[in-house]
Amino acid sequence: MKRVIIAGAGLTKVGDHWNKSILDLAVDAATAALKDAGIATPDQIIIGNMFSGFSSSQESLGAMAADALRLWGVPAFKVESSGASGSMALHVADSLVKSGQANSALVIGVEKMRDLEPSEAARATSLGESSEYVQFFGISQTALGALITQLYMQEYEVTRDELSCFPVIAHKNAVTSEHAQFRKAVSIADVSRSMPVSDPLRLLDCAPVGDGAAAVVLSNDDGMVKDPAIEIAASAASTDSANFYQRDDMLEFMATRRAVTKALSLAGISVRDIDFAEINDSYSAVAGLSVEALGLSKMGEGARDARDGKFDIKGKVPISTYGGLKGRGNPVGATGIYQIVEAYHQLVGKAKANQVVDAKIGLTHNMGGIDSAAVVHILRRIS
Amino acid sequence: MAVSYWRERDRYYRILGSKCQNCSAEFFPPLYRCRKCGSDKLSDHEMPQEGQILAYTLLRDPMTGFEDHDPMPIALIELNNGVRIVAQLADTPIDQITVGSKVRAVFRRVRVNGPNGQIFYGYKFAIKNEKVNLTR
Ligand SMILES: [Zn+2]
């Protein structure tokens, strides 16, 4: 097995790209990443995307991207795993480059959401839920997020204001994050009193709808190693019951727990070695359940740890350092790659105002559905 | 959707799930392998029509086709056999929905495909002992 390093990275701002198509966004991010890496022709292209067929009437994104980048001949395909599409694409690319099947790979995460009406965007983001037993009845992913939020608040006596601490952290970090969708700080009261979307979820509990693309280039060539170099120390994926309400313990994210356990083992580290974590904060309670499943908080203590400053940029384990899904935005299939680019910038020390001091090991956590699928990556600085 | 709806009609009309022939565990929706023991010997089995609310929400961000359900009351329900189901609530004033409320299954219109299109029906749940309102 070869060592896989991140040779280059690129991204677009998350938000409204009215004048850009899904392919335009993918090409922008890919071009920046290839230039940063100094690689003209990667051995492989993999796209992470959830619903381009639905939102843009466009599939075959792999061949489309290869053609647009004038990379005919390079094998290319799309990986779909709902909200975890981007990180699952990286997971596949990592295994190809690690094994030597490919010596380099371009991984692009992309999603086009803002062409959709709100009710269509709600359908798009719910496509990973059961067609027959969830979508058919008009039940969206937001509604499922609301139900698990209520269970979480009831079971652990989490207050409304404690829950609001997650969006507060995300938005605070997003203020100085140049590619973030919402660069505006919010208070606990702002979150707790924002418009109800699906009670008890409020508008500021929920990751927004936005367009975006991010890309990285992986390489197994030790000659490419820069100083400092960032390696993918571990890539692990797992799954759980597709419907959260069919799990024995509805408040345990087992896909995440399995993935992080495997990732830590592969990297040969313990969770205490993690300097920062980009987590899947798609809803406030999902942020809480995620830090708990990742082992960063005890069960039921995630929101109170957030309140007590543990996850602040200067806290014990900073999370969502560029704003997370909530503040940076959540262009679904691109999100997993945004996390990787952000972690990369942290580890090479280019995070400017968002820099986590002396960051050596970063964790990224991305999920599909309500933890139906989860992917955890551990990135490490080597020099 | 028309064909898939026909295929699922017993599931939607009678809440027809699965029962494991090996360990007697019950499930809804129906499945391929028993979640408890792994057996693939499963038979169709009707779910109990009653249960209680574990959690609920009022969805104010409806998906296409459900714009007239704003807000849409949705509950996580534990049926009397322990099986959990997520379903719309019907016939129930919003202020009467509470965690722990007893509910029973009702047969209702789920959605209409456009002004002249097919009408889809299925299960919803109503708080018990409430007056039945047949208009929805
Ligand atoms: Zn069984």
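Since the structure is predicted, the reported quantities are computational estimates derived from the model, not experimental observations.

1. A look at empty space enclosed by the protein
Here is step 1: Under the criterion given, the structure shown has 4 cavities of 30 Å³ or more.
Here is step 2: In this structure, the largest cavity spans a volume of roughly 40 Å³.
Here is step 3: For the largest cavity, the full set of lining residues is Tyr133(A), Tyr245(A), Gln246(A), Phe28(B), Pro29(B), Arg84(B), Ile85(B), Val86(B) and Tyr123(B).
Here is step 4: Of the residues forming the lining of the largest cavity, the biggest block, 3 residues, is contributed by strand β6 (residues 84-88) of chain B.
Here is step 5: Taken together, the residues of the lining of the largest cavity break down into 7 nonpolar, 1 polar and 1 charged.

2. Concerning the packing of helix α6 (residues 141-156) of chain A against helix α11 (residues 284-293) of chain A
All names here are of chain A.
Here is step 1: In contact at an axis separation of 9 Å, α6 and α11 are set at 60° when each is read in the N-to-C sense. With respect to each other, α6 and α11 are oriented oblique. Considering only the axes of α6 and α11, their crossing is left-handed. Together, Ile148, Thr149, Tyr152 and Tyr156 of α6 and Ala285, Gly288, Leu289 and Glu292 of α11 make up the contact between the two elements.

3. Brief notes about the interface of chain B and chain A
Here is step 1: Between chain B and chain A, the residue contacts involve 38 residues of the former and 32 residues of the latter.
Here is step 2: Between chain B and chain A lies a buried interface of about 3100 Å² when both sides are counted; carbon and sulfur atoms form 60% of it.
Here is step 3: Contact with chain A buries surface across chain B, with Met63(B), Arg84(B) and Val86(B) losing the most and accounting together for 22% of the total.
Here is step 4: Our count for the contact surface shared by chain B and chain A stands at 1 salt bridge.
Here is step 5: Among the ionic pairs, Arg60(B) bridges to Asp199(A), the shortest N-O distance being 3.0 Å.
Here is step 6: Counting across the chain B and chain A interface gives 15 residue pairs in polar contact (both at pLDDT 80 or more).
Here is step 7: Listed by contribution, the elements that provide at least two residues to the side of chain B that touches chain A are α2 (9-14), β4 (50-59), β5 (72-79), β6, β7 (102-112) and β8 (119-127) of chain B.
Here is step 8: The greatest single-element share of the side of chain B that touches chain A, amounting to 6 residues, is contributed by β4(B).

4. Considerations on α11(A)
Residue and element names in this part refer to chain A.
Here is step 1: Across the 10 residues that make up α11, a large majority, 10, are buried.
Here is step 2: All of the buried residues in α11 are Ser284, Ala285, Val286, Ala287, Gly288, Leu289, Ser290, Val291, Glu292 and Ala293.
Here is step 3: Looking at the buried positions of α11, the neighbouring elements they touch are α6, α7 (160-163), α8 (165-174), α10 (254-267), α12 (302-307) and β10 (361-368).
Here is step 4: Phi turns positive one or two residues past the end of α11, at Gly295, with a value near 90°.

5. Concerning the coordination of the zinc ion
Residues and elements named next belong to chain B.
Here is step 1: For the zinc ion, the protein coordination sphere consists of Cys20 (SG), Cys23 (SG), Cys34 (SG) and Cys37 (SG), at 2.3 Å.
Here is step 2: Here the zinc ion is ringed by 4 donor atoms whose angles at the metal span 103 to 116°, and the overall shape comes out tetrahedral.
Here is step 3: Here the donor residues of the zinc ion are spaced in sequence according to C-x2-C-x10-C-x2-C.
Here is step 4: On the basis of relative accessibility, which here comes to 1%, the residue Cys20 falls in the buried class.
Here is step 5: Residue Cys23 is classed as partly exposed on the basis of its relative accessible area, which comes to 33%.

6. With respect to the sheet that holds strand β3 (residues 42-46) of chain B
Residues and elements named next belong to chain B.
Here is step 1: Taken in spatial order, the 3 strands make up an open sheet running β2-β1-β3, and their pairing is antiparallel. Every interior strand has two partners, whereas the edge strands, β2 (26-27) and β3, have only one.
Here is step 2: Bridge count for strand β1 (residues 16-20) against β2 is 2 bridges, and the pairing is antiparallel. Its bridge partner being in β2, Ser18 is matched across the sheet by Phe27.

7. A word on the nonpolar core
Here is step 1: Membership of the largest hydrophobic core comes to 88 residues, with the highest contact counts inside it found for Phe244(A), Ile378(A), Leu76(B), Tyr123(B) and Phe125(B).
Here is step 2: No other element matches the 9 residues that α6(A) contributes to this core.

8. Some words on the pairing of β5(B)
Residues and elements named next belong to chain B.
Here is step 1: Of all 8 residues that make up β5, 7 are buried, and the element is covered over most of its length.
Here is step 2: Where β4 meets β5, 8 bridges bridge the pair, whose relative direction is antiparallel. What sits directly across from Gly51, in β5, is Leu79.
Here is step 3: In this structure, the hairpin formed by β5 and β6 is closed by a connection of 4 residues, where Gly82 is found at a positive phi of approximately 90°.

9. Structural notes on the pattern of salt bridges
All names here are of chain A.
Here is step 1: All chains considered together, the criterion is met by 28 salt bridges over all chains.
Here is step 2: Two residues, Asp28 and Lys20, come together in a salt bridge whose shortest N-O distance is 2.9 Å.
Here is step 3: Judged by relative accessible area, which is 31%, Asp28 ranks as partly exposed.
Here is step 4: You can call Lys20 partly exposed: its relative accessible area is 27%.
Here is step 5: Glu301 serves as the salt-bridge partner of Arg304, at 3.6 Å between the closest nitrogen and oxygen.
Here is step 6: Judged by relative accessible area, Glu301 falls into the partly exposed class, the value being 31%.

10. Side note on the domain arrangement of chain A
Residue and element names in this part refer to chain A.
Here is step 1: Looking at chain A, the domain boundaries give domain 1 (4-117 + 210-220) and domain 2 (129-208 + 231-381).
Here is step 2: The straight-line distance from the C-alpha centre of domain 1 to that of domain 2 is 22 Å.
Here is step 3: In this complex, domain 1 contributes 42 residues to the contact, which on the side of domain 2 involves 32 residues.
Here is step 4: Summing both partners gives a buried area of about 2700 Å² for domain 1 against domain 2, and 68% of it is carried by carbon and sulfur.
Here is step 5: When the buried area of domain 1 at its contact with domain 2 is split by residue, Ile6, Leu11 and Val14 rank highest and sum to 22% of it.
Here is step 6: The interface formed by domain 1 and domain 2 includes 0 salt bridges.
Here is step 7: Between domain 1 and domain 2 we count 11 residue pairs in polar contact (both at pLDDT 80 or more) in total.
Here is step 8: Among the elements of the structure, β1 (5-11), α4 (85-99), β4 (104-111) and β7 (212-219) are those that each provide at least two residues to the side of domain 1 that touches domain 2.
Here is step 9: Counted by class, the side of domain 1 that touches domain 2 contains 21 nonpolar, 16 polar and 5 charged residues.

Thresholds applied
- Residues numbered from 1 in each chain as written.
- Chains lettered and ligands numbered in written order.
- Predicted model: local features only at pLDDT ≥ 70, side-chain atom pairs only at ≥ 80, totals over all residues.
- Heavy atoms only, no water.
- 1 Å grid on protein atoms, 1.4 Å probe; cavity = no way out; pocket = protein on both sides within 12 Å on 5 of 7 lines; lining within 4 Å.
- Points joined across faces, edges and corners; volume = space filled by probe spheres on them.
- Helix = DSSP H or I, 4+ residues; strand = E, 2+ residues; numbered from the N terminus.
- Nonpolar A, V, L, I, M, F, W, Y, C, P; charged D, E, K, R; others polar.
- Axes fitted to C-alpha atoms, helices over the stretch in contact; angles between N-to-C directions.
- Parallel < 35°, antiparallel > 145°, perpendicular 65-115°, else oblique.
- Left-handed = near helix turned anticlockwise from the far one by under 90°.
- Contact = heavy atoms within 4.5 Å.
- Buried area = accessible area lost by both parts, 1.4 Å probe.
- Salt bridge = Lys/Arg side-chain N within 4 Å of Asp/Glu carboxyl O.
- Polar contact = N/O pair within 3.5 Å; in protein donor to acceptor, adjacent residues only side chain to side chain.
- Buried < 20%, exposed > 50% of the residue type's maximum accessible area, 1.4 Å probe, protein only.
- Donors = N, O, S within 2.8 Å, 3.2 Å for Na, K, Ca; no water.
- Tetrahedral: all angles 85-135°; square planar, octahedral: opposite > 155°, others 65-115°.
- Pairing = 2+ DSSP bridges.
- Core = buried A, V, L, I, M, F, W, Y, C linked by side-chain atoms within 4.5 Å.
- Domains from an automatic or database assignment.

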